[in-house]
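Descriptive structure summary
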Amino acid sequence: MPQYTLNIDGAKRVVNARADEPLLYTLTDTLKMKGPKFGCGVAQCGTCTVLVDGAPVRACVTPVSSLGKKPIRTLDGLEKNGKPHPVQVAFVEEQAAQCGYCANGWIMHSVALLEKNPKAGEAQIRKGLAGVQCRCGTHIAILRAVKRAGETMAKA
Amino acid sequence: MNDLTLTRREFLQAAGALVVQASGLLAMGDAAAQAAAPVIVGPHPSALDTWVRIAADGMVTVNSGKMDCGQGLDLAYAQIVADELDVALDRVQVTLGDTRLSPNQGGGSGSTGLRMGARPLRNAAAEARRLLVESAAARLSVAADALDVDNGRVFVKADPARGVTYAELVGGRNFAAPLKWNNAVGNGMDAVGQARPKDPSQYKIVGKGFKRKDIADKVMAREHYTAHIRPANLLHARAVRPAVAGAQPLAVDAASIAGIAGAKHFVKGGFVAVVAETEWDAIRASRALKVTWSDVQGPFAGGEDKVFDYIRAARPTAANAIPMFGGKKDFDPKPTLDALAASKKVVEADYECAFQSHARIAPSCGVADVRGDKAEIWADTQKPHFLRDGIAKFLGLQVANVQVKWMHGAGSYGRSDADEAPYEAALLSREFGRPVRMQWSREEGTAWDPKAPAGIISMKAGLDEAGNVTGWLFKAKGFNGWDVRFTGESPEHTLVGMLTGHRKWNAYNFNTPEESYRFPKHVHWWETVPPYLQEASPMRTAHLRAPQEMQTRFGQECFIDEVAAAAGMDPVAFRLKHLTDEREIAVVKAAAEKMGWQPRTARAGGGKLMTGRGIALHSGYQSYAAVACEVEVNKSTGRIWVKKVVIGHDCGMMVNPIGVRAALEGQIMQGISRALYEEVHFDDKRVTSVDWQTYRIASMDDMPAEVELVLINRPDKPIGGAGEPAIVCFPAAIANAVADATGVRIRRYPMVPERVKKLLA
């Protein structure tokens, strides 16, 4: 099996994987990470989302072999020096999770959106998150959380 | 029964032994009932220690046989227990759904989490407090009624400096005290001690809003979901399903996966699976495995286009006037039909409801470790104890040797696919002698999970010259709601069980509305039709959130509006004229007022973007909900946007208003989803809804611009379930609003844009 050196959350991780293995299984099965999760395997729900070069990518359809040295950010690595990311703080404050299984997708897409533009308005947030699915129907609390996170990040 | 009038208990203190020991067994005079009691495997409901324990550091742990799907049930339990025990909320931890720790309380079922599941915990906490106070009385040599409790410390009221903590009294040891169990297993399980729980007016923590703690773990990537359980020496498994429903595997070509090191296949009856050392190899093997399937026609004659014709033409398998539980009740439509025949005006309409899928955000996942005659299961099942019983039966093991640990999982809203993968993992673990993690694919989670049944609601009403209702007929005819039971208590209630020869049971239900409105000559009943495919069907049905209530209330609550229009009355005024229950009246009034409802009898809308408003009512689970909404309908695209939602809600005594709000917000979006989009697509041969494009759900785009929740708190009323009544209202409230906006009555849900566009053209 080929060996790959991935750049995950600022650390080099050496993994063995088949060339066609999607990143998701490397993260969850090999590296036992908990943020990205399997939801559909066909890039339709966002539950597996990671950021590659700062942009949301569906790990379930992104082969490990395609990543090279590109920086990969995950939910597992959002916390810095014991401090959660403002988006995580806002999700807790607004209680923006029911089962929470899909939270990874919403948070990672929000991080990508707000780090570029913390002043994103409601229309931009709705558009930016349109491809993420939540089955429990937590959208109302999620939108509140993303707005709150944007306010925090705009002040920082 | 005289078991509660006992002599005063004696208390014994002994270092290292029980701090509190009770004499005078509660069950003494009840030998007959004990003899008849069901056998309990695992912790016994008649032991106080089963429910509540106090650790050496004073931390209180309560064990419940229920589970949580993200509604914050553990938090609400902690609030109740903290109030009963007089301890701080953060001193209470709750374990859920672990068969080693809790008795079978029915799991997540029928909105019973609080209204029934909290009862034994509340009683146990009250009894624990009573025993602790008596123990303190003995230790401090004062009468029990001279004592009070604050923050886990019992103290002398007249001299608060004198006291003793719970930790000192019982910390780390057993209460060894009995409770009186009501002999019920499942949702109805209760146990009482001598203590009476507090009057709700005494509660300080119950009724206040608190935030869930599990959310931090979930958003910080710390939570263990079933998906994360990966024990050492694990095998990954995937199932292989036939392209045509009902096809049987005739031959499997082992060589087709020979190139994947370590991959093996498994066939038993109609069940085909692969296992491999890594998850990706298991997926590859499931795709590569060559299976020759039997050539079958495909069971779904005519597919989805003919589903309502099929229902209309089918001979009923059962008919009943009882909504769901409660036996058999006969009905006689004749007096109602006679009244209709004599009426000045007769209104009638049929309403159609499509099959819907549970379609959890992640499909079924289960991990099993079967070793010899023992099995350990990790699952996000809603009913861990029933899953334990079922897997024991499936593998031929003693129930006592099977343990199920409930884990957080993808949201589940009834009898979803959650029990399926754990059963399959157990079978494969026994076969291969290693722990097995079975993960269903998206396609399986949508196409092969249990479905909510399609049905047709036929309504008829008569009006006299003054516009008064003379008779009201309700008939629901649909697919059986119970192809598989709402628990996995036996293998025939699972796909793999049926595939390996456990034959489907024969039990039937659909549903009818409860009697909200008072009409003369009222008759209602349901009929079920035969399934397309008897065994192991991808269209087998089971409970989905508010089972068959959304269908039946869609008919009932749309028709109320239609009859109101025929009588020349405003829909809210018409409802209020016929309602008698003050709590139903109150939620309707609350929703209408908050909406700024202006009575009218003619439609409001016009133009390309038309707006209108509608309302619907539902009560059940000891709760009441009225949903009013404003919609915007785009004539050229058929898109319905629910712009504003108002809910009037009464769930009796509210334990945690933050939790109630979250439950209602979730129901708004899932309600919109089921009303506007969710529909299982299928052709003659197979279910063609296999992902989120072919099984569409609501997205961020569908969020209303405005939401108002009017929460009516009734501390004097029992705790009701807050997770079901509101969602039931959405298809009817939206269809009523669309009729108000466009003048066009949509009598089928989901109200997908393509069909709406056609109807408006």
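Shown above is the structure to which this text applies.
Note that the structure is predicted; figures quoted are calculated from it, not measured.

Residue and element names in this part refer to chain B. Evaluation of the coordinates by the stated rule reveals eight cavities of 30 Å³ or more. Counted as a void, the largest cavity has a volume near 80 Å³. For the lining of the largest cavity, the secondary structure elements donating two or more residues are α14 (549-566) and β25 (609-620).

Here the focus is the pattern of salt bridges. When the charged atoms of two side chains with opposite charge come close together, those side chains can pair. Within the structure shown, the criterion is met by 61 salt bridges over all chains. For the salt bridge of Arg-540 of chain B with Glu-420 of chain B, the shortest nitrogen-to-oxygen distance reads 3.0 Å. Taken together, the positions of Arg-540 of chain B in the loop between β24 (522-529) and α14 and Glu-420 of chain B in helix α11 (residues 420-432) put the pair 120 residues apart, joining distant regions of the chain. Notably, a salt bridge pairs Glu-632 of chain B with Lys-643 of chain B, separated by 3.6 Å at the nearest N-O pair. Remark: Lys-643 of chain B occurs in strand β27 (residues 640-650) and Glu-632 of chain B occurs in strand β26 (residues 623-634); sequence separation between them is 11 residues. Within the structure, one salt-bridge network assembled from shared partners comprises Glu-93, Glu-94, Arg-144 and Arg-148 of chain A together with Lys-211 and Glu-665 of chain B.

Bringing the sheet that holds strand β28 (residues 706-712) of chain B into the picture now. Residue and element names in this part refer to chain B. Taken in spatial order, the four strands make up an open sheet running β25-β26-β27-β28, and their pairing is mixed. Edge positions in the sheet fall to β25 and β28, since each has one partner strand and no second. Across the sheet, the mean angle separating the axes of adjacent strands is 15° when strand polarity is ignored. With seven bridges joining them, β27 and β28 adopt parallel strand pairing. Directly across from Val-646, in β28, lies its bridge partner Glu-708.

On to the sheet that holds strand β3 (residues 49-52) of chain A. Residues and elements named next belong to chain A. Across the sheet, five strands lie side by side as β2-β1-β5-β3-β4; this open sheet has mixed pairing. The open sheet is flanked by β2 (11-16) and β4 (55-58), the only strands paired with a single partner. On average, adjacent strands in this sheet sit at an angle of 45° to one another, irrespective of strand direction. Two strands pair when backbone bridges link them, and strand β1 (residues 3-8) and strand β5 (residues 71-73) are joined in this way by two bridges, in the parallel orientation. Paired with Asn-7 across the two strands is Pro-71, which belongs to β5.

All right, on to the layout of surface pockets then. Residues and elements named next belong to chain B. Considering only enclosed or pocket space, the second largest pocket measures out at about 710 Å³ in volume. Together, 32 residues line the second largest pocket, and Arg-287, Ser-441, Arg-442, Glu-443 and Glu-444 are the ones closest to its centre. Of all the secondary-structure elements, those providing two or more residues to the lining of the second largest pocket are β9 (235-240), α7 (279-288) and α12 (442-447). Partitioned by chemical class, the residues of the lining of the second largest pocket number 21 nonpolar, three polar and eight charged.

Below, the discussion takes up helix α4 (residues 118-140) of chain B. Residue and element names in this part refer to chain B. Between the first and last C-alpha of α4 there are 32 Å, a value that for 23 residues agrees with the 33 Å anticipated at 1.5 Å per step. In terms of residue burial, α4 counts as a mostly covered element, since 19 of its 23 residues are buried. Just past α4, the residue Ser-141 takes up positive phi, approximately 55°.

A few words on the packing of aromatic side chains. Going through the model one piece at a time under the given rule, you end up with 23 aromatic pairs over all chains. Arranged with centres 5.8 Å apart and planes meeting at 75°, the rings of Phe-300 of chain B and Phe-682 of chain B form a pair that is edge-to-face. Of the two residues, Phe-300 of chain B is situated in the loop between β13 (290-293) and α8 (307-313) and Phe-682 of chain B in the loop between α17 (657-676) and β28; the sequence distance between them amounts to 382 residues. Every member of this aromatic cluster is reached through a ring pair, and the members are Phe-300, Tyr-310, Phe-355, Phe-479, Tyr-532 and Phe-682 of chain B. Across the ring face of Tyr-101 of chain A, the terminal group of Lys-37 of chain A is positioned such that the distance to the ring centre comes to 5.9 Å. Of note, Arg-485 of chain B hangs over the ring of Phe-486 of chain B, and the distance from its end group to the ring centre comes to 4.7 Å.

With that settled, the discussion passes to the interface of chain B and chain A. With 62 residues of chain B at the contact, the number on the chain A side is 52 residues. Taking both partners together, chain B and chain A bury about 4800 Å²; carbon and sulfur atoms supply 58% of that area. At the boundary of chain B with chain A, the tally comes to five salt bridges. One can count 31 residue pairs in polar contact (both at pLDDT 80 or more) joining chain B with chain A. Of all the elements in the fold, those that place two or more residues in the side of chain B that touches chain A are α6 (214-219), β9, α7 and α17 of chain B. With six residues, α17 of chain B is the single largest residue contributor to the side of chain B that touches chain A.

For the rest of this paragraph, the subject is the packing of helix α2 (residues 86-93) of chain A against helix α5 (residues 139-155) of chain A. Residue and element names in this part refer to chain A. Two elements in contact, α2 and α5, have axes whose closest approach is 8 Å; the angle formed by their N-to-C orientations is 135°. As summarised for this structure, α2 and α5 are arranged oblique, according to the angle between their axes. Handedness of the α2/α5 crossing: right-handed. Residue-level inspection shows Pro-86, Val-87, Ala-90, Phe-91 and Glu-93 of α2 in contact with α5, the latter providing Ile-142, Ala-145, Val-146, Arg-148, Ala-149, Thr-152 and Met-153.

Take the pairing of β27 of chain B next. Residue and element names in this part refer to chain B. Taken across its 11 residues, β27 has 10 buried, putting it largely inside the fold. Of the strand pairs in this sheet, β26 and β27 are connected by 10 bridges, and their pairing is antiparallel. Of the residues in β27, the one forming a bridge with Val-627 is Ile-647. Turn length for the β26-β27 hairpin, with the two strands adjacent in sequence and antiparallel, is five residues, and the turn residue Gly-638 shows positive phi of about 80°.

Definitions and cut-offs
- Residue numbers run consecutively from 1 along every chain, following the written order of its sequence.
- The naming scheme follows written order: chains are lettered A onward, ligands numbered 1 onward.
- Reporting in this predicted model follows two pLDDT cut-offs: at least 70 for local features of residues, and 80 or more for side-chain atom pairs to be given and counted; totals over whole chains, interfaces and linings ignore these cut-offs and use all residues.
- With hydrogens and water set aside, each side-chain value is computed from the structure's full complement of heavy atoms.
- Within this scheme a cavity is a closed region of a 1 Å grid, computed over the protein atoms alone, that accommodates a 1.4 Å probe without allowing it to escape, whereas a pocket is open but has protein on both sides within 12 Å along at least five of seven lines; lining residues each have an atom within 4 Å of a point.
- Grid points are joined across faces, edges and corners, and a volume is the space filled by probe spheres set on the points.
- Runs of E in the DSSP output that reach at least two residues are strands. Runs of H or I that reach at least four are helices, and both are numbered from the N terminus.
- Definition used for salt bridges: Asp or Glu carboxyl oxygen within 4 Å of a side-chain nitrogen of Lys or Arg.
- For two strands to be treated as a pair, DSSP must find no fewer than two bridges joining them.
- Convention adopted: a line fitted to C-alpha atoms gives each axis, helices being fitted over their contacting stretch, and angles between N-to-C directions are expressed from 0 to 180 degrees.
- All residues other than Ala, Val, Leu, Ile, Met, Phe, Trp, Tyr, Cys, Pro, Asp, Glu, Lys and Arg, Gly among them, are scored as polar; the first ten of these are nonpolar and the last four charged.
- To estimate the expected span of a helix, subtract one from its residue number and multiply by 1.5 Å.
- Only protein chains enter the accessibility calculation, which uses a 1.4 Å probe. A residue is then buried if its area is under 20% of the maximum for its type, exposed if over 50%, and partly exposed in between.
- Pairs were defined over the aromatic rings of Phe, Tyr and Trp, the Trp ring being its six-membered one, requiring ring centres within 6.5 Å. Orientation was assigned from the angle between planes: stacked under 30 degrees, edge-to-face over 60, tilted for the rest.
- Each ring is checked for a lysine NZ or an arginine CZ that lies within 6 Å of its centre and within 35 degrees of its normal; such an atom marks a charge sitting over the ring.
- We call two residues in contact whenever any of their non-hydrogen atoms come within 4.5 Å of each other.
- In this description, buried area is defined as the sum, over both parts, of the accessible area (probe of 1.4 Å) that is lost when the two are combined.
- Whenever two N or O atoms come within 3.5 Å, that pair is a polar contact, provided that in protein one can donate a hydrogen and the other can accept it, and provided that, for residues adjacent in sequence, both atoms are side-chain atoms.
- For classification purposes, an angle smaller than 35 degrees is called roughly parallel, one larger than 145 roughly antiparallel, one from 65 to 115 roughly perpendicular, and anything else oblique.
- Left-handed describes a crossing in which the near helix is turned anticlockwise from the far one by less than a right angle; the clockwise case is right-handed.

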